[in-house]
Amino acid sequence: MGRKKIALVGAGMIGGTLAHLAAMKEMGDIVLFDIAEGMPKGKALDLAQAGPVEGYDAGLKGTSDYADIAGADVVIVTAGVPRKPGMSRDDLLGINLKVMKAVGEGIKANAPDAFVICITNPLDAMVWALREFSGLPHNKVVGMAGVLDSARFRHFLAEEFNVSVEDVTAFVLGGHGDTMVPVIEYSTVAGIPVPDLIKMGWSTQERIDAIVARTRSGGGEIVQLLGNGSAYYAPATSAIAMAESYLKDKKRLLPCAAHLTGQYGVDDLYVGVPVVIGANGVERVVEIALNEGAKANFDKSVHAVQELLVACKGLEPSLA
Ligand code: A3D
């Protein structure tokens, strides 16, 4: 049995971090693809030279030729531009839509059997467009956002309760944007829901509300601090968790931007919901009961994604 092949389309900040993580975990051979000529080759060589020190065996190749992603088991897409301070994710729509067209066609021609994870923003619209351009089955194209948003929520909750991040589970639904929906009823410390912890005096509703607000703007906080570009360590780790669940058929239940066909009252839209990821890609969309407030927020989030799709269809007639 040969090694798995992981193609990273976009070899920038997240792409390079993905390659490092995938190599460290010996997930397979890695191809770094970018339209920039030398840069992916330079990163691949640098990472290959880290192999003898760390003791990992992974083929690493940098390329600007789509033929090199042929036969990839997993493709992770970060191609495009990230935010600058003051920009919203939606400001990236026009330029990144063109990139998704090129990438979707490249995947369709060279890696049609891959499991594709999209990270490019604005996420929910770009993963939808990437699926359309690639023509791959919906269960094989998914967006990374919920794992990251939940990780941010978990980190803030663990700090608030002064407990290990390992024991904090958190639930974030909806689109990846200011309308995302952190659901506190399904967020726990070792199984104890956050509302119970408030009753037990571990925190107050006001403090949890502030954590929810900080989670919603968690990406923007990092954009402001970095001054140039957006987060990349946690986004890369989150996508690797999804890739591992697919490659190892772990069947993890993870919040991802998945294609809905009536679940949550939504049709033909990618939006963040809990899904099971295994060897068949997205194997199940999990429909949980939402209270009135969470449902209203979820619907608002869906509406925001729908507006972005209208804009995409206006910009790219082949999507209409
Ligand atoms: P960056 O370091 O700029 O890397 C993007 C790379 O894409 C660059 O190296 C470009 O040369 C390359 N590129 C541009 N056009 C093409 C093309 N047509 N084909 C191939 N490569 C191309 O950005 P980054 O790695 O920091 O971020 C990548 C994307 O992820 C951005 O759109 C971010 O907004 C997004 N992002 C999403 C999340 C989510 O949680 C969804 C989090 C953080 C960043």
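The rules behind the values
Residues numbered from 1 in each chain as written. Predicted model: local features only at pLDDT ≥ 70, side-chain atom pairs only at ≥ 80, totals over all residues. Heavy atoms only, no water. UniProt positions renumbered as here; feature names shortened; annotations may be inferred. Helix = DSSP H or I, 4+ residues; strand = E, 2+ residues; numbered from the N terminus. Buried < 20%, exposed > 50% of the residue type's maximum accessible area, 1.4 Å probe, protein only. Contact = heavy atoms within 4.5 Å. Polar contact = N/O pair within 3.5 Å; in protein donor to acceptor, adjacent residues only side chain to side chain. Near = heavy atom within 4 Å. Areas by Shrake-Rupley, 256 points an atom, 1.4 Å probe, with all protein chains shown as cover. Nonpolar A, V, L, I, M, F, W, Y, C, P; charged D, E, K, R; others polar. Axes fitted to C-alpha atoms, helices over the stretch in contact; angles between N-to-C directions. Left-handed = near helix turned anticlockwise from the far one by under 90°.

As annotated by UniProt and renumbered to match this structure, "active site" (unreviewed entry) occupies His 176. Summarising the element assignment, His 176 is placed in the loop between strand S8 (172-173) and strand S9 (181-182). In this structure His 176 comes out as buried when scored by relative accessible area, which is 11%. With sequence-adjacent residues up to four places away left out, His 176 is seen in contact with Arg 89, Asn 121, Leu 123, Asp 124, Ala 145 and Asp 149. Polar side-chain contacts of His 176 include one of 3.1 Å to the side chain of Arg 89.

This part takes up the site of the ligand. Taken together, the neighbourhood of the ligand is formed by 26 residues, with Met 13, Ile 14, Asp 34, Val 81 and Ile 119 sitting nearest. At a separation of 2.6 Å, an oxygen atom of the ligand approaches a polar side-chain atom of Asp 34. A distance of 3.1 Å separates an oxygen atom of the ligand from a polar atom in the side chain of His 176. Isolated, the ligand exposes 880 Å² of accessible area, and the fraction of that covered by the protein chains is 88%. Contributions of two or more residues to the shell around the ligand are made by helix H1 (13-24) and helix H3 (93-110). Partitioning the shell around the ligand into residue classes produces 16 nonpolar, nine polar and one charged.

Residue position: Asp 73 is located in the loop between strand S3 (60-63) and strand S4 (74-77). We classify Asp 73 as partly exposed; its relative accessible area is 23%. The spacing of Asp 73 and Lys 25 is 48 residues in sequence and 16 Å in space, taken between C-alpha atoms. Not counting chain neighbours up to four residues away, the residues in contact with Asp 73 comprise Lys 4, Lys 5, Ala 114, Phe 115, Tyr 246 and Leu 247. Of note is the side chain of Asp 73, whose polar atom sits 2.8 Å from the backbone nitrogen of Lys 5.

On to the UniProt feature "domain: Lactate/malate dehydrogenase N-terminal" (unreviewed entry) in the protein chain. Look at the UniProt record and you will see "domain: Lactate/malate dehydrogenase N-terminal" (unreviewed entry) annotated at residues 5-143. Summarising residues 5-143: 42% helix, 18% strand, and an end-to-end C-alpha distance of 19 Å.

In this section: the packing of H3 against helix H4 (residues 123-134). Taken N-terminus to C-terminus, the directions of H3 and H4 make an angle of 35°; their axes are 8 Å apart at the nearest point. For the crossing formed where H3 meets H4, the hand is right-handed. Contacts from Leu 93, Asn 96, Leu 97, Met 100, Lys 101, Val 103, Gly 104, Glu 105, Ile 107 and Lys 108 of H3 reach H4 at Ala 125, Met 126, Ala 129, Leu 130, Phe 133 and Ser 134. By residue class, the composition of the contact of H3 with H4 is ten nonpolar, three polar and three charged.

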